Amino acid sequence: MSPDAVSPHALAAARREVAECGRRMIADGLVLGTAGNVSVRVGGLVAVSPSGMAYDRIEPADVAVVDLDGNRVDGPHAPSSETPMHLGVYAATGATAVVHHHGLHSAAVSTVLDELPALHYYVLQLGGPVRVARYATYGTPELARSVHAALEGRTAALMQNHGAVAYGDTLEQAYDRARLLEWLCTLHVTATGMGTPRALTADELAAVARRRTEVPA
């Protein structure tokens, strides 16, 4: 779908979703100040958080709109500096929404681990143990490539010394996955504070996956 073919109504709805999600991230404690960003894809266009603007001040009209090459086509503000990362996710997946946050526990775990182990079978909702994308400066193509590699076969990833990213078929799904990742990181931080946590084995995770696909008698 070309940018010209995008429904104005659908694009307006996407910009409203982005603005509302920013406020939700503040309420859920996933961001401070202007950190993190949200985007929703509508055909050949992407509505994305504006750069450097506090979430509680963002209205739908403030949300930037870019094409899939990152060119701004609407909105009074520059798009988020992390737009290349969002566009990379869209190019590599069938996603229509991306959420990036700086949740405290996600950021903390990203400074210690290369992969978040499966302490709970909920990790299967993200595709398996969550990888940590190699560190790169925010807003750079290098970071976009690092995140792309970490997301292979997954719907969420941690970003080394940075935060977390998740995608989905809808913004609600992407946000739920982003919150789940923060919960899993909180679990890890809590458990390691008590001792050495037991991680589920590949066989145990496979058994859970089979259980989820069983048809009730």
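Provided above is the structure to which this section pertains.
Residues numbered from 1 in each chain as written. Predicted model: local features only at pLDDT ≥ 70, side-chain atom pairs only at ≥ 80, totals over all residues. Heavy atoms only, no water.

Talk me through empty space enclosed by the protein; I want residue IDs and the actual numbers.
On inspection of all chains with the given rule, the structure shows one cavity of 30 Å³ or more. As a volume, the largest cavity reaches approximately 30 Å³. (1 Å grid on protein atoms, 1.4 Å probe; cavity = no way out; pocket = protein on both sides within 12 Å on 5 of 7 lines; lining within 4 Å. Points joined across faces, edges and corners; volume = space filled by probe spheres on them.)

I'd like a rundown of the pairing of strand β2 (residues 45-48), residues and numbers included.
Side chains of β2 alternate between two faces, with Leu45 and Ala47 and Val46 and Val48 buried alike. Alignment of strand β1 (residues 37-42) against β2, held across four bridges, turns out to be antiparallel. Across the sheet, Val42 pairs through a bridge with Leu45, a residue of β2. (Buried < 20%, exposed > 50% of the residue type's maximum accessible area, 1.4 Å probe, protein only. Helix = DSSP H or I, 4+ residues; strand = E, 2+ residues; numbered from the N terminus. Pairing = 2+ DSSP bridges.)

Give a description of the layout of surface pockets that names residues and reports values.
Estimated volume of the largest pocket: approximately 220 Å³. Per-class residue counts for the lining of the largest pocket are six nonpolar, 11 polar and one charged. (Nonpolar A, V, L, I, M, F, W, Y, C, P; charged D, E, K, R; others polar.)

Before we move on, can you summarise helix α6 (residues 202-213) with the specific residues and values?
With 12 residues, α6 extends 17 Å between its outermost C-alpha atoms, agreeing within 8% with the 16 Å of an ideal straight helix rising 1.5 Å per residue. Little of α6 sits inside the fold, with one of its 12 residues counted as buried. (Expected span 1.5 Å × (residues − 1).)

Can you break down the sheet that holds strand β9 (residues 163-168) residue by residue, with the values?
Strand order in the open sheet made by the nine strands is β4-β3-β2-β1-β5-β9-β8-β7-β6, with mixed pairing throughout. Only two strands of the sheet have a single neighbouring strand rather than two, namely β4 (72-74) and β6 (115-116). Strand direction decides the pairing type here: β1 and strand β5 (residues 97-101), joined by four bridges, are antiparallel. Along β5, the bridge assignment pairs Ser39 with Val98. Each of β1, β2, β3 (64-67), β4 and β5 touches helix α1 (residues 8-27); the most contacted strand, β1, lies at about 160° to it. Contacts from helix α4 (residues 141-150) reach β7 (130-133), β8 (156-159) and β9, with the element oriented near 165° to β7. (Contact = heavy atoms within 4.5 Å. Axes fitted to C-alpha atoms, helices over the stretch in contact; angles between N-to-C directions.)

Which residues make up the environment of Tyr122, and what values go with them?
Counting through the fold element by element, Tyr122 comes out in the loop between β6 and β7. Residue Tyr122 is classed as partly exposed on the basis of its relative accessible area, which comes to 31%. Each C-alpha atom, one on Tyr122 and one on Val18, is 26 Å from the other, the two residues being 104 residues apart in sequence.

Pulling in residues and values, what's your account of α1?
The end-to-end C-alpha separation of α1 is 29 Å, in line with the 28 Å expected for 20 residues at 1.5 Å each. Buried within α1 are the following residues: Leu11, Ala14, Arg15, Val18, Ala19, Cys21, Gly22 and Met25. Down the axis of α1, the sector holding all buried residues measures 155°, keeping them to one side. Those residues of α1 that are exposed and angled more than 90 degrees off the buried face are His9 and Ala27. Its buried side turned inward, α1 meets β1, β2, β3, β4, β5 and α5 (171-192). Following α1 by one or two positions, Gly29 has its phi on the positive side, about 70°. (Arc of directions from axis to C-beta.)

So what's going on with the pairing of β5? Which residues, and what values?
In terms of residue burial, β5 counts as a mostly covered element, since five of its five residues are buried. Residues Ala97, Val99 and His101 of β5 are buried on one face, and the alternating residues Val98 and His100, pointing to the opposite face, are buried as well.

Now, about the packing of α1 against α5: what can you tell me, with residues and values included?
The geometry of α1 relative to α5 is characterised by a closest axis approach of 11 Å and an angle of 20° between their N-to-C directions. Considering their axes alone, α1 and α5 lie roughly parallel with respect to each other. In this structure, α1 meets α5 at a crossing whose hand is right-handed. Contact residues: Glu17, Val18, Cys21, Arg24 and Met25 in α1; Leu171, Glu172, Tyr175, Asp176 and Arg179 in α5. A class-by-class count of the residues in the contact of α1 with α5 yields five nonpolar, no polar and five charged. (Parallel < 35°, antiparallel > 145°, perpendicular 65-115°, else oblique. Left-handed = near helix turned anticlockwise from the far one by under 90°.)

I'd love a proper account of the pattern of salt bridges, names of residues and values included.
As a working rule, side chains carrying opposite charge can pair if their charged atoms are close by. According to the stated counting rule, one finds seven salt bridges in the structure shown. Its salt-bridge partner being Arg15, residue Asp74 comes within 2.9 Å of it at the nearest N-O pair. Of this pair, Asp74 sits in strand β4 while Arg15 is found in helix α1, placing the two residues 59 residues apart along the sequence. Taking relative accessible area as the criterion, Asp74 reaches 37% and is therefore assigned partly exposed. By relative accessible area, Arg15 is classed as buried at 12%. As a salt-bridge pair, Asp28 and Arg179 come within 3.7 Å of each other at their nearest N and O atoms. On the criterion of sequence distance, the pair formed by Asp28 in the loop between α1 and β1 and Arg179 in helix α5 is long-range, its members being 151 residues apart. Within the structure, one salt-bridge network assembled from shared partners comprises Arg24, Asp28, Glu172 and Arg179. (Salt bridge = Lys/Arg side-chain N within 4 Å of Asp/Glu carboxyl O.)

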